[in-house]
Amino acid sequence: MRLALFALALAVLAAPLVWRVTAPRDTGPVVDPVALAERVAMLEVEVETLRDRLETLQSRPAPPGGQGAAPLPAPQAPSGAGDFSGFGDLMLLSARREINKGLTLLGIRELESVFGQPSAALGQTCAEPTSERLASALETRDVGPFRARLVSPALDSLEQVLARVAEDYPDLYAELRTYGGFCARLIRGSADQISRHAFGVAIDVSVGGTIDPMGDGKTQFGLIVLSDYFTEEGWIWGAGFGREDSMHFEVSAELFRRWRDEGLI
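It should be emphasised that the depicted structure is a prediction, and the values quoted were computed from it without experimental measurement.

Draft legend 1. Quick peek at the overall build of the chain. Looking only at helices and strands, the chain features eight helices and eight strands. A separation threshold of at least 6 residues defines the contact pool for the chain, and within that pool the share at least 24 residues apart is 64%. Summed over all atoms, the accessible surface of the chain reaches about 15300 Å², with 57% contributed by carbon and sulfur.

The structure is reproduced here in structure tokens:
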């Protein structure tokens, strides 16, 4: 009797193994390694931005003893925004985030060597270009969520950035606005330094219809997400400036020189 029970138990235990050996293998769908790599890269971006949000929450002062945890403010959606995902929330940048790695600022002298002096009268307000070379290179175009005026290859590059954002983060894409592209003027507060906006190679972007405050050390969550796409395309992010300007993105020297080599400038 015991021998029979032992044989039965052995047969039951062995059955799954026999099935695994003899059952036809289901290979499943073929995985595209390129698509998989892109998905992994996108997930890495999401993990990094979530780390930024966590560090911001941890940096908030603790509530007085005995009062429990401080309630977190709910993100405020602008009217007509639909399903707003909190991309306009301000947060501290992670100390681990490397900003503008491998990119260098585009020098004003290099820009002047290509376009000349952008305008005969440069001040703190926007002026129209008096340089014929610059005027012929500028273009105004609908780039998706907004219209922008930049030199043509910068618009092409900006469109590529925004197209990728639209695919990966459609909610963020819907909240993007611009607060300035080409603007022939000096740097704010300067008496002689020309802004890169004056050459049509810089753009200011906002999330949720609000402007990210300059120099407060905080950045809208959506701009942190957006910055990775701009960096990969070869744009400098203003969050890495001595005075943080997170809504500002400008063409790097490397990208501009590539356009010159390709005959686009």
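Draft legend 2. How the structure looks around the pairing of strand β2 (residues 138-142). Both β2 and strand β3 (residues 147-151) contribute to a ladder of five bridges, which runs antiparallel. Each bridged residue has a counterpart across the sheet, and for Glu 139 the counterpart in β3 is Leu 150. Taken together, β2 and the strand that follows it, β3, pair antiparallel across an intervening segment of four residues, in which Gly 144 is found at a positive phi of about 125 degrees.

Draft legend 3. Quick peek at the nonpolar core. One finds Phe 115, Leu 158, Trp 235 and Phe 249 to be the most contacted residues of the largest nonpolar core, which totals 51 residues. For this core, the element with the most residues is helix α7 (residues 221-233), which contributes seven residues. When near neighbours in sequence (up to four residues on either side) are disregarded, Phe 249 contacts Val 201, Ala 202, Ile 203, Val 205, Leu 223, Leu 226, Ser 227, Phe 230, Trp 235, Ile 236 and Trp 237.

Draft legend 4. Spotlight on the packing of helix α3 (residues 108-115) against helix α8 (residues 253-261). Packing of α3 against α8 brings their axes to within 12 Å, and their N-to-C directions diverge by 25 degrees. As summarised for this structure, α3 and α8 are arranged roughly parallel, according to the angle between their axes. Between α3 and α8 lies a crossing of left-handed hand. Of α8, the residues touching α3 (which contributes Glu 110, Leu 111, Ser 113, Val 114 and Phe 115) are Phe 256, Arg 257 and Arg 260. Classifying every residue of the contact of α3 with α8 by side-chain character gives four nonpolar, one polar and three charged.

Draft legend 5. The arrangement of the packing of aromatic side chains in detail. Under the defined criterion, the tally for this structure stands at nine aromatic pairs. Aromatic side chains Phe 230 and Phe 249 sit 4.1 Å apart centroid to centroid with 15 degrees between the ring planes, which places their arrangement in the stacked category. With Phe 230 in helix α7 and Phe 249 in strand β8 (residues 248-251), this residue pair connects regions lying 19 residues apart in the sequence. One aromatic cluster in this structure is built from Phe 87, Tyr 169, Phe 221 and Tyr 229.

Draft legend 6. Inspection of the side chain of Arg 141 at higher detail. When you line up the elements, Arg 141 lands in strand β2. Side-chain polar atoms of Arg 141 contact the side chain of Glu 139, separated by 2.9 Å. Filtering out sequence-adjacent residues up to four positions away, Arg 141 remains in contact with Phe 146, Arg 147, Ala 148, Ser 152, Leu 155, Asp 156 and Glu 159.

Draft legend 7. Local environment of the environment of Glu 244. When you line up the elements, Glu 244 lands in the loop between β7 (235-237) and β8. Glu 244 sits 30 residues away from Met 214 along the chain, and the two C-alpha atoms are 5.9 Å apart. In this structure, Glu 244 is in contact with Asp 212, Pro 213, Met 214, Gly 215, Asp 216, Gly 217, Lys 218, Thr 219, Gly 238 and Ala 239, ignoring residues within four places of it in sequence. For Glu 244, the side chain forms a polar contact with the main-chain nitrogen of Gly 217, separated by 3.0 Å.

What counts and how
- Residue numbers here run from 1 along each chain, matching the order of that chain's written sequence.
- In keeping with the predicted nature of the model, local features appear solely for residues at pLDDT of at least 70, side-chain atom pairs appear and are counted solely at 80 or more, and the whole-chain, interface and lining totals rest on all residues.
- With hydrogens and water excluded, all non-hydrogen atoms of the structure serve as input to the side-chain values.
- For the purposes of this entry, the term helix denotes a DSSP run of H or I that reaches at least four residues, the term strand denotes a run of E that reaches at least two, and both are numbered from the N terminus.
- By definition, residues are in contact when any of their heavy atoms lie within 4.5 Å.
- For every accessible area listed, the method is Shrake-Rupley and the probe measures 1.4 Å; residues are considered covered only by the protein chains on display.
- Two strands qualify as a pair provided that DSSP identifies no fewer than 2 bridges between them.
- To qualify as a nonpolar core, a set must consist of buried Ala, Val, Leu, Ile, Met, Phe, Trp, Tyr and Cys residues joined through side-chain atoms within 4.5 Å.
- Using a 1.4 Å probe on the protein chains alone, a residue whose accessible area is under 20% of its type maximum counts as buried, one over 50% counts as exposed, and one in between counts as partly exposed.
- Whenever a helix is involved, its axis is fitted only over the stretch in contact; in every case the axis is a line through C-alpha atoms, and angles between N-to-C directions fall within 0 to 180 degrees.
- By the definition adopted for this analysis, an angle is roughly parallel if under 35 degrees, roughly antiparallel if over 145, roughly perpendicular if from 65 to 115, and oblique otherwise.
- When the near helix sits turned anticlockwise from the far one by under a right angle, the crossing is termed left-handed; a clockwise turn instead gives a right-handed crossing.
- Charged means Asp, Glu, Lys or Arg here, nonpolar means Ala, Val, Leu, Ile, Met, Phe, Trp, Tyr, Cys or Pro, and polar covers whatever is left, Gly included.
- Only Phe, Tyr and Trp rings are paired, with Trp represented by its six-membered ring, and only when their centres lie within 6.5 Å; those with planes under 30 degrees apart are stacked, over 60 edge-to-face, the remainder tilted.
- As used in this structure description, the phrase polar contact means that two N or O atoms lie within 3.5 Å; if the pair is within protein, one of them must be able to donate a hydrogen and the other to accept it, and residues adjacent in sequence are counted only when both atoms belong to side chains.

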